[in-house]
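Chain residues, written in single-letter form:
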Amino acid sequence: MLVHFFATWCEPCVSEMASLQRLATTTRGKPLAILAIDVAEVDLRVRAFFAKHPVDFTILLDRDRAVSKSWDVTALPTTFVLDANLAPKFFIEGDLDWSRPDVLAAIESLYPAADQPQEKTISSK
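Reading guide: rules and limits
Residues numbered from 1 in each chain as written. Predicted model: local features only at pLDDT ≥ 70, side-chain atom pairs only at ≥ 80, totals over all residues. Heavy atoms only, no water. Helix = DSSP H or I, 4+ residues; strand = E, 2+ residues; numbered from the N terminus. Buried < 20%, exposed > 50% of the residue type's maximum accessible area, 1.4 Å probe, protein only. Contact = heavy atoms within 4.5 Å. Areas by Shrake-Rupley, 256 points an atom, 1.4 Å probe, with all protein chains shown as cover. Disulfide = S-S within 2.5 Å.

Enquirer: Talk me through the overall build of the protein; I want residue IDs and the actual numbers.
Expert: A tally of regular secondary structure across the protein gives 4 helices and 5 strands. In the protein, the succession of helices and strands from N to C terminus is β-α-β-α-β-α-β-β-α. Counting the 125 residues in the protein, one finds 38% classified as buried. Contacts in the protein between residues far apart in sequence, at least 24 positions, make up 63% of those at least 6 positions apart. When the accessible surface of the protein is split by element, carbon and sulfur atoms take 56% of a total near 7800 Å².

Enquirer: Report on the state of the cysteines, specifying residues and quantitative values.
Expert: Between two cysteines, a covalent bond joining their sulfur atoms is known as a disulfide. Summed over all chains, the structure comprises 1 disulfide. Across the disulfide, C10 is cross-linked to C13 (sulfur-sulfur distance 2.4 Å). Because the torsion about its S-S bond is 75°, the bridge between C10 and C13 counts as right-handed. For C10, a relative accessible area of 5% puts it in the buried group. Judged by its relative accessible area of 1%, C13 falls in the buried class.

Enquirer: So what's going on with the environment of D83? Residues and values would help.
Expert: Here D83 lies in the loop between β4 (78-82) and β5 (88-93). Along the backbone, D83 and M1 are 82 residues apart, and their C-alpha atoms lie at a distance of 6.6 Å. Discounting chain neighbours no more than four positions away, the residues touching D83 are K89 and L110.

Next up, the structure:
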């Protein structure tokens, strides 16, 4: 799971949102959920932003900053990448190109082994 904190007024956040959408498209069908959390903005502003820049992952509103404070977010954008057990594995403060091959490899390394193709055994019975 990827948990991304952002605001629509934040220039790096705007370009990173497009990068996150590319990641969502690239990893479709894989066990990665993207959750973006808008920090301290009014609903109308956020809705207007996503009407112009649509994404197909979940956007939540942290109207009073309670969520961002509980995650100790002090700068935007900030992203946490969690493993299959929801333990934080990566912390990124600032923007990142989520389509970089090294970034994709790091994320894919967190997928559960059960989701990897396994050899099938055929019984002779």
